[in-house]
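For reference, the chains in residue letters:
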Amino acid sequence: MARKYFGTDGVRGRANGVITPELALKVGQAAGLMFQRGDHRHRVVIGKDTRLSGYMIESALQAGFTSVGMDVLLLGPMPTPAVAMLTRAMRCDLGVMISASHNPYEDNGIKIFGPDGFKLSDETESEIEALMDSDFSARLARSPDLGRAKRIESVQARYIEFAKRTLPRQSDLDGLRVVVDCANGAAYKVAPETLWELGAEVISIGVEPDGFNINRDVGSTAPDALVRKVRELRADIGIALDGDADRVLIIDEKGQRVDGDQLMAVVATSWRDDGRLARPGVVATIMSNLGLERYLGGLGLELIRTAVGDRYVLEHMRSHGYNLGGEQSGHIIMSDYTTTGDGLIAALQLLSVVKSQGKPVSEVCHCFEPLPQILKNVRTKGGQPLKSDSVVTAIETAKQRLGGSGRLVIRPSGTEPVIRVMAEGDDRALVNEVVDEVVDALSRAA
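Residues numbered from 1 in each chain as written. Predicted model: local features only at pLDDT ≥ 70, side-chain atom pairs only at ≥ 80, totals over all residues. Heavy atoms only, no water.

A. Up close: the side chain of Glu125. When you line up the elements, Glu125 lands in helix H4 (residues 122–132). The buried category is assigned to Glu125, whose relative accessible area is 3%. In contact with Glu125, other than residues within four places in its own chain, are Arg3, Phe6, Gly7, Gly10, Leu120 and Arg311. (Helix = DSSP H or I, 4+ residues; strand = E, 2+ residues; numbered from the N terminus. Buried < 20%, exposed > 50% of the residue type's maximum accessible area, 1.4 Å probe, protein only. Contact = heavy atoms within 4.5 Å.)

B. Representation of the sheet that holds strand S19 (residues 418–425). On the basis of which strands lie adjacent, the open sheet formed by three strands has the order S17-S19-S18 and antiparallel pairing. The outermost strands of the open sheet, each flanked by one partner alone, are strand S17 (373–379) and strand S18 (406–412). When strand polarity is set aside, the average angle formed by the axes of neighbouring strands in this sheet is 10°. Relative to S19, S17 runs antiparallel, the two being bridged by seven bridges. Bridging across to S19, Lys376 finds its partner in Val421. Helix H13 (residues 389–402) rests against S18 and S19 of the sheet, and its axis sits at about 155° to S18. (Pairing = 2+ DSSP bridges. Axes fitted to C-alpha atoms, helices over the stretch in contact; angles between N-to-C directions.)

C. Layout of the nonpolar core. Of all hydrophobic cores here, the largest spans 72 residues; its most connected members are Met78, Ile239, Ile250, Leu324, Met334, Leu348 and Leu350. Val11, Ala30, Met34 and Ile46 belong to the second largest nonpolar core, which has 32 residues in total. (Core = buried A, V, L, I, M, F, W, Y, C linked by side-chain atoms within 4.5 Å.)

D. Spotlight on the packing of helix H8 (residues 260–273) against helix H11 (residues 343–357). Remark: H8 packs on H11, axes separated minimally by 10 Å, with the N-to-C direction vectors making an angle of 60°. Judged on the interaxial angle alone, H11 and H8 are oblique. Regarding H8 and H11, the two cross each other, and that crossing is left-handed. Only Gln349, Leu350 and Val353 of H11 make contact with H8, whose side of the interface consists of Leu263, Val266, Val267, Ser270 and Trp271. (Parallel < 35°, antiparallel > 145°, perpendicular 65-115°, else oblique. Left-handed = near helix turned anticlockwise from the far one by under 90°.)

E. Expanded view of the environment of Ala441. The topology assignment puts Ala441 in helix H14 (residues 428–445). Judged by its relative accessible area of 4%, Ala441 falls in the buried class. Expressed as a C-alpha distance, the spacing of Ala441 and Thr221, which sit 220 residues apart in the sequence, is 27 Å. Contact partners of Ala441, with chain neighbours within four places excluded, come to Ser390, Val391 and Ala394.

F. Main features of the sheet that holds strand S8 (residues 177–181). With mixed pairing, five strands are arranged side by side in an open sheet as S9-S8-S10-S11-S12. Two strands bound the open sheet, and with one partner strand each, they are strand S9 (201–205) and strand S12 (257–258). Across four bridges, the pairing between strand S10 (residues 237–241) and strand S11 (residues 248–251) is antiparallel. For Ala240, the partnering residue across the bridge sits in S11 and is Leu249.

G. Fine view of the pairing of strand S3 (residues 43–48). Of all six residues in S3, five are buried, a share of seventy percent or more. Pairing analysis gives six bridges linking S3 to strand S4 (residues 71–77), with the strands arranged parallel. Bridge pairing links Ile46 to Leu74 in S4. Once you follow S3 into helix H2 (residues 54–67) and on to S4, the crossover reads as right-handed. Bridge count between S3 and strand S5 (residues 94–98): five bridges; the pairing is parallel. From the neighbouring strand, Ile46 faces S5, where its bridge partner is Val96. (Right-handed = clockwise from strand over helix to strand, strands pointing away.)

So, in structure tokens, the structure goes:
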């Protein structure tokens with residue numbers, strides 16, 4: 001069933017357009033009512049990235065939660081995985097992150113974590129939606145039962161120590177020159193500090209947020225500035241986070257990009273050798289490269305694919321006992337440490353392997369040769385272009401042409417009004433052709 005407010009990663013849309021104070025107020029009230037279980041004093045932590053609209057949404061959520069009797073702990077700018085960790089560590093009933101991740105500053109979003117630090121299930125989000133659209137005025141708190149709000153100052157140091165403890169005891173990054181790009185986002189303080197405390201020589205970019213420049217020409221979706229800086233300084237590695245720091249892109253010492261698939265391959269190999277894999281496999285999505293699947297198969301490991309979205313990767317990991325998973329886009333989930341993707345911790349795991357092997361990042365991170373993979377987006381204006389006869393025919397023809405030597409994946413985005421068309425295979429020219437044919441059919445139908 002289509003949902004009204006929640007998408008694949010919380011509520012997301014244009015700030016003060018889709019994400020209005022009224023909507024945020026209702027989210028706070030409905031979620032607060034849903035998670036009042038027991039007689040204890042209920043509380044929620046709220047973190048945010050650096051968007052200008054974060055102030056407005058934070059205040060509205062605070063009003064919503066306090067109006068139903070929940071105390072609010074305001075964290076300020078903090079990475080999404082830090083909010084998830086602190087929800088659990090501070091024994092809160094809910095955690096909320098205000099962020100639109102890699103989107104431009106005009107957008108914003110609301111992500112909700114349960115008391116266990118995990119994102120809410122589709123079913124729970126649907127229940128919150130139903131409550132938002134109902135009359136719950138009789139359930140608002142009485143005057144003496146209203147919640148209180150306060151800002152917490154020590155959380156950055158807590159997250160830094162948490163991140164450092166994910167490395168083996170006595171580990172350090174001495175001798176490594178690291179350029180870190182924080183996308184002018186949520187990790188602009190904690191990421192450089194963590195790397196420096198571990199002994200690295202740290203050069204930081206994307207650490208001057210002004211409310212408008214989050215993800216603008218910096219971060220994991222715009223790594224050119226980081227590539228230039230790595231080459232200019234002859235750094236050992238570049239680390240690019242996105243606006244809320246739950247994903248990471250690596251730049252090796254040659255200025256080449258390393259995506260989430262290669263990162264999963266590195267960690268899977270290391271953990272297999274150390275006996276740390278809970279099960280002989282990795283959970284990824286339908287977008288991960290076929291080269292990763294073949295590489296893992298050569299190690300005796302399975303690649304399990306889920307729908308796109310780190311929440312679906314995590315759901316499969318939890319239900320089937322896997323402790324490593326992620327997305328090609330750089331959401332890497334290591335459930336021994338975190339309950340969601342954590343770009344900084346993924347980078348630390350890679351740096352640990354680089355330090356222990358004493359090899360350049362370009363060697364450590366080239367586990368397999370990716371198959372040619374083409375991804376194009378088709379912007380839509382509503383309707384159901386995927387059901388058009390011409391589009392259905394184009395898709396079937398493309399699949400037949402690829403045969404058993406490739407894959408075709410077509411899916412509507414959960415965060416933007418676009419349909420994503422991805423194909424991969426051993427023959428680059430063929431892959432290009434089938435993607436263009438499907439895109440042309442979709443463009444005409446859309």
